[in-house]
Amino acid sequence: MAITDIKEYSHLTDADVEALGAELDAIRADIEESRGARDARYIDRTIKLQRSLAIAGRIVLFGSRKRPAWILGTALMGAAKIIENMELGHNVIHGQWDWMNDPEIHSSNWEWDNTCPSSGWKHSHNYVHHKFTNIVGLDSDVGYGILRMTRDQKWSPVYLAQPFYNVLLALLFEWGVALHHLDVESIRRGDYDRAETLRNAKEVGRKIARQVGKDYVVFPALTGPAWKSTLTANVTANVIRNLWAYGVIFCGHFPDGAEKFTKEEFEKETKAEWYLRQMLGSANFNAGPVLAFMSGNLCYQIEHHAFPDLPSNRYAEIGVKMRELCDKYDLPYTTGSLPHQYGLTLRTIFKLALPNRFLSASADDAPETASELRFRIRGGMKEVFGVDPATGKRRGLRTALAMIRN
């Protein structure tokens, strides 16, 4: 099963976990105190860049009946939509820029370019996902209601087609986000509040109508004779955004090393243990400045999960300190190239489409599904951990995982 005792799994004592939590609190306080003009310039320039790309794309698409204009306009619109969703919408709605007290970029006012209303995203993502990150049965982001991403999810024949569901989800990701807010899984189980679900459905319906009207009616109509080619360009730009958002998010949540947890672990969780769960339940991918920007700095998913409301442009700085803490407490810092992280994710999607009897390893000791029992299964490994009396360094989870691999 998933992890039920995060301290045992991480090979940390109660004192270690609380000390780790205190150091993460100190990182938060340092960033909060140092926010200022540099950060304000960053978000202001990002907004200007995104709007400039969108305007340029709309202008170029007036000539979209010519192939070069169609290609350029589509590329500009795709880039604008990616930046709006990843570095602006997602992060602004998290409240990362509320400290500026600017009503234009305050989480209470921002409505993003997505079929899911921002108010719904605040609940399904900011609250449910970030509070219950990777807790099987509480975090609906574990598989999004259609994919089996851990052996803790009971297999059924419907999962045989999950490689196909995965492709559909990637292409239609913004629509999946809207349905995610409606909690289709609860509706399917019959475990939902009818009145609340109806209110949410109406809200989503209104947002979908605005998005469809904007992208597929108003803007194509404005280009006159080029309306048909503009329409196809807008469809393509949305697909580009969907594929990119899907890839970034999946690479932050489903590669090997992004662990899953049980309700039992959550029920007795302290704030420091919450920090630790965010660190062990997330994965990064390596990125330079451009890739980091285009991913909304979610290449730093570990840092984002620990500090979801701190400015995204500071995640690289936080990442240096996070690596130092992982070295100090002998914890893994799960990262890799973008293709590598997605390859691991794709392997899990294909593998867990099958019943457990066709899989090797066990539900406690597999690359995508593990628990503290994996160390007991290996026989007595726990005894070698603790502080090395010779060096004074901790021998913890990172060392334990290395020994398993060897």
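You'll find the protein entered in an unreviewed UniProt entry as Acyl-CoA desaturase, with Rhodococcus opacus given as the organism.

Caption draft 1: Representation of unusual backbone geometry in the model. For Asn297, which is not glycine, the phi torsion reads 60° and is therefore positive. Residue placement: Asn297 occurs in the loop between helix 13 (289-294) and helix 14 (301-306). A positive phi angle is found at Asp330, which is not glycine, with a value near 55°. Along the polypeptide, Asp330 turns up in the loop between helix 15 (315-328) and helix 16 (338-351).

Caption draft 2: Seen up close, helix 4 (residues 67-93). End to end, helix 4 covers 36 Å across 27 residues, agreeing with the expected 39 Å (1.5 Å per residue, within 8%). Roughly 35° is the biggest bend found in helix 4, and it falls at Asn85. The element helix 4 is largely enclosed, with a buried count of 20 among its 27 residues. Looking at the residues trailing helix 4, positive phi occurs at Gly95, about 85°.

Caption draft 3: How the structure looks around the side chain of Thr334. Along the chain, Thr334 turns up in the loop between helix 15 and helix 16. For Thr334, the contacting residues outside a window of four places in its chain are Asp256, Gly257, Ser282, Ala283, Asn284, Ile302 and Gln341.

Caption draft 4: Here's a closer look at the environment of Asn242. Within the fold, Asn242 resides in helix 10 (residues 227-253). Under the relative-accessibility criterion, Asn242 is labelled buried at 3%. When neighbours within four sequence positions are excluded, Asn242 is seen to be in contact with Ala170, Leu171, Leu172, Phe173 and Glu174.

Caption draft 5: Quick peek at the packing of helix 10 against helix 16. Their axes nearest at 9 Å, the elements helix 10 and helix 16 cross at an angle of 80°. Classified by the angle between their axes, helix 10 and helix 16 sit roughly perpendicular to one another. Touching Trp244, Tyr246, Phe250 and Cys251 of helix 10 are Leu338, Gln341, Tyr342, Thr345 and Ile349, all from helix 16. In the contact of helix 10 with helix 16, the residues fall into seven nonpolar, two polar and no charged.

Caption draft 6: Looking closely at a nonpolar patch on the surface. A cluster of nonpolar side chains, namely Phe164, Val167, Leu168, Leu171, Leu172 and Leu243, defines an oily patch on the protein surface of about 510 Å² accessible area. By residue number, the principal contributor to the nonpolar patch is helix 6 (residues 162-171), which donates four residues. Structurally, Leu168 can be placed in helix 6. Of the residues examined, Leu168 reaches a relative accessible area of 37% and is grouped as partly exposed.

Caption draft 7: Broad picture of the packing of aromatic side chains. Following the criterion strictly, the structure yields 15 aromatic pairs and no others. Centre to centre, the rings of Tyr127 and Phe132 are 5.8 Å apart; their planes meet at 80°, and the pair counts as edge-to-face. With a relative accessible area of 41%, Tyr127 lands in the partly exposed category. Taken together, the aromatic side chains of Tyr144, Phe173, Tyr246, Phe250, Phe254 and Tyr342 make up a single cluster linked through ring pairs. Residue placement shows Arg58 over the ring face of Phe219; its charged tip is 3.8 Å from the ring centre.

Criteria and cut-off values
Residues numbered from 1 in each chain as written. Predicted model: local features only at pLDDT ≥ 70, side-chain atom pairs only at ≥ 80, totals over all residues. Heavy atoms only, no water. Helix = DSSP H or I, 4+ residues; strand = E, 2+ residues; numbered from the N terminus. Expected span 1.5 Å × (residues − 1). Bend = angle between axes of the 7 residues up to and from the residue. Buried < 20%, exposed > 50% of the residue type's maximum accessible area, 1.4 Å probe, protein only. Contact = heavy atoms within 4.5 Å. Axes fitted to C-alpha atoms, helices over the stretch in contact; angles between N-to-C directions. Parallel < 35°, antiparallel > 145°, perpendicular 65-115°, else oblique. Nonpolar A, V, L, I, M, F, W, Y, C, P; charged D, E, K, R; others polar. Patch = residues over 30% accessible without salt bridge, like charges linked within 9 Å, V, L, I, M, F, W, Y side chains within 5 Å. Areas by Shrake-Rupley, 256 points an atom, 1.4 Å probe, with all protein chains shown as cover. Salt bridge = Lys/Arg side-chain N within 4 Å of Asp/Glu carboxyl O. Phe/Tyr/Trp six-rings, centres within 6.5 Å; stacked < 30°, edge-to-face > 60°. Lys NZ or Arg CZ within 6 Å of the ring centre and 35° of its normal.

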